[in-house]
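One-letter residues, chain by chain:
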Amino acid sequence: MSSLLGLSEFSPQAARRKLSGADINGDGKVDLTDLALLMGNYGKTGGGLSGDLNRDGRVDESDLNLFTEEYSIP
């Protein structure tokens, strides 16, 4: 299952994060690295942008809200 999801180690939490899209860099964690990737594209439009969690072609407040649903302070 880990290899199917592209995770180094499987856990239900890592799978949920990966499938939510909030794990932007695909390391099985939703952390500040993912937030930095999202914010690097904040305000941009187009296809395939890192951080376009809802896949509407733009990185905006909606994506940030989706991210914060998955992020928790360590």
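The text that follows walks through the structure, step by step, so that each part is easy to find. (Residues numbered from 1 in each chain as written. Predicted model: local features only at pLDDT ≥ 70, side-chain atom pairs only at ≥ 80, totals over all residues. Heavy atoms only, no water.)

## Remarks on helix 4 (residues 61-70)
Put simply, the rule is: With a 1.4 Å probe rolled over the protein chains alone, any residue whose accessible area is under 20% of its type maximum counts as buried; one over 50% counts as exposed, and the rest are partly exposed. Think of it this way: any DSSP run of H or I at least four residues long counts as a helix, any run of E at least two long counts as a strand, and we number them from the N terminus. In this description, the arc belongs to the directions extending from the helix axis to the C-beta atoms. By the criterion applied in these results, polar contacts are pairs of N or O atoms within 3.5 Å in which, for protein atoms, one can donate a hydrogen and the other can accept it, and in which residues neighboring in sequence qualify only through two side-chain atoms.
Restricting attention to buried positions, one finds in helix 4 the residues Asp63, Phe67 and Glu70. Seen end-on, helix 4 carries its buried residues on one side only, within an arc spanning 60 degrees. Residues of helix 4 that are exposed and point more than 90 degrees away from the buried face comprise Glu61 and Glu69. Capping the start of helix 4, Asp60 holds a side-chain oxygen 3.2 Å from the backbone nitrogen of Ser62, two or three residues further along.

## Brief notes about the environment of Glu69
With respect to the helices, strands and loops of the structure, Glu69 is situated in helix 4. The exposure class of Glu69 is exposed, given its relative accessible area of 61%. Taking C-alpha positions, Glu69 is 9.7 Å from Ser20, a pair spaced 49 residues apart along the chain.

## Quick word on unusual backbone geometry
Even without glycine at this site, Arg55 takes up a positive phi of about 55 degrees. Tracing the sequence through the fold places Arg55 in the loop between helix 3 (32-40) and helix 4. Using a relative accessible area of 69% as the deciding quantity, one classes Arg55 as exposed.

## Topic: the pattern of salt bridges
Under the convention used in this document: Should a side-chain nitrogen of Lys or Arg be within 4 Å of a carboxyl oxygen of Asp or Glu, the pair is scored as a salt bridge.
Evaluation of the coordinates by the stated rule reveals 2 salt bridges. Among the ionic pairs, Asp56 bridges to Arg58, the shortest N-O distance being 3.6 Å. Take Asp56: its relative accessible area is 33%, and that puts it in the partly exposed class. One salt bridge in this structure joins Arg58 and Asp60, with 2.9 Å as the shortest N-O distance. Within this structure, Asp56, Arg58 and Asp60 form a network of salt bridges that share partners.

Functional significance is not addressed by these values, which are geometric in nature.
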